[in-house]
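Remarks on the overall topology
Spelled out, the chains give:
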Amino acid sequence: PLLLRHDVMVSNGNHGAIAHTLLAGIPQLLLPDTLERVMVSRRVARFGAGEIVNVGDKDIAGRVTAALNNLLTNDRYRQAATRFADKYADYNVDAHDQILLNIIVGVLP
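Now for a description of the structure that goes with this document.

On to the pattern of salt bridges. Pairing is possible between side chains of opposite charge, provided their charged atoms come close. Per the counting criterion, the structure on display carries two salt bridges. The closest approach of N and O atoms between D33 and R37, which form a salt bridge, is 2.8 Å. Residue classification places R37 among the partly exposed positions, given a relative accessible area of 25%. A salt bridge links D57 to R63; its shortest N-O distance comes to 3.0 Å. Residue class for R63 comes out partly exposed when judged on its relative accessible area of 34%.

Listed below in structure tokens is the structure:
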């Protein structure tokens, strides 16, 4: 995987970024901007591997600062992300990406 040792991932909650990051055991700060991303982000927060900040919050800077502080100072987020990574340690994300690429190339003219 491309991700190595990082303290936290900040993203808009897209499925690919979340999946790759969790497989690397990295906690996440999620700023989802669509309903689908909100749904996936809620799952991450529910099992404790990240925090969500609503992009429409009036005090978004304060909320992002507080969430980052929580993610960086409370090891429970990394522990949850590590549990996820351990559970799916046998999953080969590179092979999966190659399969998807082959499907796309096979479908496109």
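On inspection of all chains with the given rule, the structure shows two aromatic pairs. A ring pair is formed by F47 and F84, whose centres lie 5.8 Å apart and whose planes are at 10 degrees; its orientation type is stacked. With a gap of 37 residues between them, F47 in the loop between α2 (35-46) and β3 (50-52) and F84 in helix α4 (residues 76-87) connect regions that are remote in the sequence. A ring pair is formed by F84 and Y88, whose centres lie 4.8 Å apart and whose planes are at 45 degrees; its orientation type is tilted. Judged by its relative accessible area of 23%, F84 falls in the partly exposed class. The exposure class assigned to Y88 is partly exposed, which follows from its relative accessible area of 36%. By the ring-pair criterion, three or more aromatic residues cluster together here, those being F47, F84 and Y88. Across from the ring centre of Y77, 4.2 Å away, lies the NZ or CZ of R76, which sits over that ring.

Conventions we followed
Residues numbered from 1 in each chain as written. Predicted model: local features only at pLDDT ≥ 70, side-chain atom pairs only at ≥ 80, totals over all residues. Heavy atoms only, no water. Salt bridge = Lys/Arg side-chain N within 4 Å of Asp/Glu carboxyl O. Buried < 20%, exposed > 50% of the residue type's maximum accessible area, 1.4 Å probe, protein only. Phe/Tyr/Trp six-rings, centres within 6.5 Å; stacked < 30°, edge-to-face > 60°. Helix = DSSP H or I, 4+ residues; strand = E, 2+ residues; numbered from the N terminus. Lys NZ or Arg CZ within 6 Å of the ring centre and 35° of its normal.

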